[in-house]
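Below, each chain spelled out in residue letters.
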Amino acid sequence: MRTYLVTGGAGFIGSNYIHYMFRKYGGDIRIINVDALTYAGNLENLKDLENNENYIFVKADIRDREAIEKIFAAYDIDRVVHFAAESHVDRSIRNPEIFVETNVLGTLVMLNAAKKAWEQPDGSFPKDKRFLYVSTDEVYGSLEEGDTYFYETTPFAPHSPYSASKASGDMLTKAYWDTYKFPVNITSCSNNYGPYQFPEKLIPLIINNALQGKKLPVYGDGKNVRDWLYVDDHAKAIDMVQEKGRLGERYNIGGHNEKQNIEIIHIILDTLKDMLPEGDPRKALVTKDLITYVEDRKGHDRRYAIAPDKIKKEIGWYPETMFADGIRLTIQWFFEHEEWMKHVTSGDYQKYYEEMYQVK
Ligand code: NAD
Ligand code: TYD
């Protein structure tokens, strides 16, 4: 049975990936989820796997070399999928240090621990071992008027402390391939949306605020562009890259779905209005009057857009979920998980771990 070590599996994309993998492979795989449970890590995201004997949760910090080495010693890991990171640009502007600690030094700990566990006496690595670094399109910087897309060959030009730290982890991962032929892949994905996304990011924040009649903050002129991808499509791409990708290669993953932020907000408002049943008091709250232009983000990247040509050509992956469908699925999920949202916004989800795992 193949064993996966997933870091950051209690976060948004990581938890969707774990669900995807068990849906796809069932009992044929084992997943060790290693997560420090920061504000963004929520074990409620994986509640339905608690009794799955092929799923193991280990609370550990990727900066803690000893703890990570212990995990590699305890389990014969075949695949690493490294999601764990500080992931929010606005937080990185206020507090860059933790981004460097987790996204750069934590990545180095992961690379070293996997290398130590997998390296053969002659310096080679077994053929079936793979380490995937989950990177972002933000490492490429910002597209401006007249630019086309980000390609795998686009030079790195990160602007925010978040993207600079992700670029550093990304380059370290590539360096381990170049230097040691340590078996890596890197995926650079555009903005994700879907179930379990923490409501500090644009889409869940707008859904949550609109349903409560709260202001919808738009940074700057609202015309910054992001390329949105439904999270399950990202999970599928990661799996396909680990199965079929060429070692040492980077693959861009994107939705072919560029939209200005203000467009996204209008789509969410229209979809909420359409989906809320007649007589639901929230229907009256959801109006365009909630849209509020606020001060722009510092160093706000103008446009991100991915050309996912290489992954399509080499691996056969392409985005399957149209935005109109993905946003309905996402909103439906939020309708059905009001408790989740309440726990997350009140901080109660952090108590869940203590109760569930009886931590004092
Ligand atoms: P998230 O913030 O929802 O989840 C991050 C997870 O990592 C959390 O569970 C958190 O507890 C855990 N974590 C943080 N620091 C840790 C540490 N020191 N040790 C162990 N665990 C730690 O993030 P996300 O949106 O799911 O993003 C996952 C990955 O995908 C990140 O590497 C991010 O850079 C990348 N990515 C995200 C997007 C996006 O749109 N969200 C797009 C492209 C790439
Ligand atoms: P975000 O979800 O933080 O992702 P990223 O910055 O990694 O792309 O933001 C997406 C876009 O939405 C970005 O251009 C900033 C903008 N934004 C707002 O206008 N208002 C908000 O409240 C948030 C959180 C983001």
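Residues numbered from 1 in each chain as written. Chains lettered and ligands numbered in written order. Predicted model: local features only at pLDDT ≥ 70, side-chain atom pairs only at ≥ 80, totals over all residues. Heavy atoms only, no water.

(A) Fine view of unusual backbone geometry. Of note in the backbone geometry, Tyr196 takes a positive phi value of approximately 70 degrees without being a glycine. Within the element layout of this structure, Tyr196 appears in the loop between β7 (192-193) and α6 (202-211). (Helix = DSSP H or I, 4+ residues; strand = E, 2+ residues; numbered from the N terminus.)

(B) Examining the site of ligand 2 more closely. Near ligand 2, the surroundings consist of 17 residues, among which Glu138, Asn191, Arg226, Arg297 and His300 are the closest. Within the side chain of Arg226, one N or O atom sits 2.7 Å away from an oxygen atom of ligand 2. Here His300 contributes a side-chain N or O atom positioned 2.7 Å from an oxygen atom of ligand 2. Burial of ligand 2 by the protein chains amounts to 97% of its free accessible area of 510 Å². The set of elements that each furnish at least two residues to the shell around ligand 2 consists of α6 and β8 (216-219). Ranked by residues supplied to the shell around ligand 2, first place goes to β8 with three residues. Tallied by class, residues from the shell around ligand 2 come to seven nonpolar, five polar and five charged. (Near = heavy atom within 4 Å. Polar contact = N/O pair within 3.5 Å; in protein donor to acceptor, adjacent residues only side chain to side chain. Areas by Shrake-Rupley, 256 points an atom, 1.4 Å probe, with all protein chains shown as cover. Nonpolar A, V, L, I, M, F, W, Y, C, P; charged D, E, K, R; others polar.)

(C) How the structure looks around the pattern of salt bridges. Applying the stated criterion across every chain yields a total of 27 salt bridges. In this structure, Glu258 engages Arg303 in a salt bridge whose closest nitrogen and oxygen atoms are separated by 2.7 Å. In this pair, Glu258 sits in strand β12 (residues 258-260) while Arg303 sits in the loop between β13 (291-294) and α10 (309-315), placing the two residues 45 residues apart along the sequence. Classification of Arg303 as buried rests on a relative accessible area of 15%. Across the pair Glu339 and Lys342 runs a salt bridge, and its minimum N-O distance is 3.8 Å. Placement of both Glu339 and Lys342 in helix α12 (residues 338-346) is noted, with a separation of three residues, approximately one turn of the helix. With relative accessibility at 47%, the residue Glu339 sits in the partly exposed group. Residues joined in a network through salt bridges with shared partners are Arg246, Glu249, Lys310 and Glu314. (Salt bridge = Lys/Arg side-chain N within 4 Å of Asp/Glu carboxyl O. Buried < 20%, exposed > 50% of the residue type's maximum accessible area, 1.4 Å probe, protein only.)

(D) The site of ligand 1, seen in detail. Residues in contact with ligand 1 amount to 30 residues; listed here are only the nearest, Asp35, Phe83, Ser87, Tyr162 and Lys166. Measuring from a nitrogen atom of ligand 1, one finds a backbone N or O atom of Ala36 at 3.1 Å. Between Gly41 and ligand 1, the recorded distance is 3.5 Å, taken from a backbone N or O atom to an oxygen atom. Secondary structure elements with two or more residues in the shell around ligand 1: α1 (12-25), β5 (130-136) and α5 (161-180). The element contributing the most residues to the shell around ligand 1 is β5, with three residues. Class assignment of the residues belonging to the shell around ligand 1 gives a composition of 14 nonpolar, eleven polar and five charged.

The values reported here are purely geometric and, on their own, carry no functional implication.
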